[in-house]
Amino acid sequence: ILDRMDLALVNDALSQVGVEAVAYDVIFARPSRPKADERFAGSIRKLGSVYLPIGLDHTVTAGPFRWEEGRAYERFRDYLRKPIERGEARPYFAPRALMQLDAFQGAAFNSGHISAYSDPDGVYRHLIMLLRVEEAYFPTVALSMFLDHMRIPFEKIIVHWGESITIPAIKGSFLEKDVVIPIDDRGRAFIPFTAGWDEGFKKMEAHTLLKTMEDETLRGNLTDFYEGKFVLIGDISVGSSDIGHIPLESDIPLITLNASMLNGLLTRTFYHKWSFRNVVVLIWLI
């Protein structure tokens, strides 16, 4: 029910306020009105730095990926890369995908997966950083955005299964030192949540953005709010299926997962698993 004419206006507004990059936490898998779809695709190209995600199923069993025809699948092949691997790989495999419409994916700057993984108790604590697609890998959208921002090719990252993903500070990149993300043997990282939904990252509803953009005297406020920022766009309407529990609170939009991970990458803030020795020392101190 999201009107893509309105979403095109959102993209147009963001293109005028100096955002760093925009990621949609929405998969536009079906066509709407032809004029609306054409207008939305044009606004994606105009904005330039738009990430349109792909939804991937995941399984522990290796197998072929179900390829289909179309521009979206062609671009998906281009997105797949091989990092430097160490240790015994036990990744999650992707057997099939829910793709964006061809026109939209063709207009996007880049992509990433938004596959959510909950623990057995139904709480979202982990994010699958890499999904295996046949012989290559596809990163989560937060990792994809960070690598592009820092000018780090995916092929340069080092995946030590069961220990860490290292993003190296290579020559020509914007990194001053390596970023190390602790992962388990499946490539999952603890999500570094910062705060609850109402206390976390700055938020603005789409209609507020558009209404403020219409008032020339208030546009400067939008620049202050958005300039140089990473913007994530999601559907948080009542009744949305994209709702889940996290350790901090219940029933919040799952866009928080990727926002928190991107923030962790930008601030180098991650959860590290304590060694047995550290646990013993803590108990002794208590």
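Just above sits the structure.
Residues numbered from 1 in each chain as written. Predicted model: local features only at pLDDT ≥ 70, side-chain atom pairs only at ≥ 80, totals over all residues. Heavy atoms only, no water.

**Q** Whenever I open this one, the overall build of the protein chain confuses me. Can you help?
**A** What the protein chain contains, in helices and strands, is 9 helices and 16 strands. In terms of overall dimensions, the protein chain is globule-like: its C-alpha atoms have a radius of gyration of 20 Å, near the 19 Å expected for 286 residues. Across its three principal directions, the C-alpha atoms of the protein chain cover 60 × 45 × 45 Å. Going through the 286 residues of the protein chain one by one, you find that 48% of them count as buried. Counting contacts in the protein chain only where the partners sit at least 6 residues apart, residues at least 24 apart contribute 74% of the total. Of the side-chain charges in the protein chain, 32 are positive and 38 negative, and the distance between the mean point of each set is 4 Å. (Helix = DSSP H or I, 4+ residues; strand = E, 2+ residues; numbered from the N terminus. Rg over C-alpha atoms; globule rule 2.2 N^0.38 Å. Buried < 20%, exposed > 50% of the residue type's maximum accessible area, 1.4 Å probe, protein only. Contact = heavy atoms within 4.5 Å. Lys, Arg positive; Asp, Glu negative; His and termini not counted. Charge placed at Lys NZ, Arg CZ, Asp CG, Glu CD.)

**Q** What's the story with the nonpolar core in this structure? I'm lost.
**A** General note: in soluble globular proteins, nonpolar side chains tend to be found buried as a group. By size, the foremost hydrophobic cluster in this structure holds 37 residues, and its most contacted members are Met129, Ile167, Ile181 and Leu265. Secondary-structure elements contributing two or more residues to this core are β1 (21-24), α5 (141-150), β11 (164-167), β12 (179-182) and α8 (255-267). Tallying contributions element by element places α5 first for this core, with 7 residues. In contact with isoleucine 181, other than residues within four places in its own chain, are Met129, Glu163, Ser164, Ile165, Ile167, Ala189, Leu265 and Phe270. In this structure, Val10, Val19, Ala107 and Leu210 belong to the second largest nonpolar core, which totals 27 residues. (Core = buried A, V, L, I, M, F, W, Y, C linked by side-chain atoms within 4.5 Å.)

**Q** Where do I start with the side chain of serine 115 in this structure?
**A** Relative to the helices and strands, serine 115 resides in the loop between α4 (102-107) and β7 (126-128). Within the local environment of serine 115, its side chain forms a polar contact with the backbone oxygen of leucine 56, the two atoms lying 2.6 Å apart. Filtering out sequence-adjacent residues up to four positions away, serine 115 remains in contact with Leu56, His58, Leu127 and Leu131. (Polar contact = N/O pair within 3.5 Å; in protein donor to acceptor, adjacent residues only side chain to side chain.)

**Q** Even after reading the chapter, I still don't get the sheet that holds strand β5 (residues 92-93), so can you show me in this structure?
**A** Within a sheet, neighbouring strands are paired by backbone hydrogen bonds and run either parallel or antiparallel to one another. With respect to topology, 3 strands assemble into an open sheet ordered β5-β8-β9, the strand pairing being mixed. Only two strands of the sheet have a single partner each, and these edge strands are β5 and β9 (136-139). Bridge count for strand β8 (residues 130-133) against β9 is 4 bridges, and the pairing is antiparallel. Bridging from a neighbouring strand, leucine 131 pairs with phenylalanine 138 of β9. (Pairing = 2+ DSSP bridges.)

**Q** What should I look at first to understand unusual backbone geometry in this one?
**A** It is generally the case that most residues other than glycine have a negative phi and that most peptide bonds are trans. Residue arginine 151 is not a glycine yet carries a positive backbone phi of 60 degrees. Topologically, arginine 151 is positioned in the loop between α5 and β10 (158-160). In this structure, aspartate 251 is a non-glycine residue whose phi angle is positive, near 55 degrees. Relative to the helices and strands, aspartate 251 resides in strand β16 (residues 249-253).

**Q** Got a minute to help me understand the packing of aromatic side chains in this structure?
**A** Aromatic ring pairs are reported here in terms of the distance separating the ring centres and the angle at which the planes meet. Across all of its chains, the model carries 16 aromatic pairs by this definition. Measuring from ring centre to ring centre gives 6.0 Å for phenylalanine 28 and phenylalanine 104, while their planes differ by 85 degrees; the resulting arrangement is edge-to-face. Of this pair, phenylalanine 28 sits in the loop between β1 and α2 (34-47) while phenylalanine 104 sits in helix α4, and the two are 76 residues apart along the sequence. Of the two residues examined, phenylalanine 28 and phenylalanine 104, each falls in the buried class. (Phe/Tyr/Trp six-rings, centres within 6.5 Å; stacked < 30°, edge-to-face > 60°.)

**Q** Where do I start with helix α1 (residues 4-14) in this structure?
**A** The periodicity of an α-helix, 3.6 residues per turn, causes residues three or four positions apart to be oriented the same way. In terms of burial, α1 is a largely internal element, 8 of the 11 residues being buried. Within α1, the full set of buried residues consists of Arg4, Leu7, Ala8, Val10, Asn11, Asp12, Ala13 and Leu14. In this fold, the buried residues of α1 make contact with β1, α2, α4, α6 (206-214), α7 (219-226) and β14 (230-233). At the N-terminal boundary of α1, the capping side chain belongs to aspartate 3, with an oxygen 2.8 Å from the backbone nitrogen of methionine 5.

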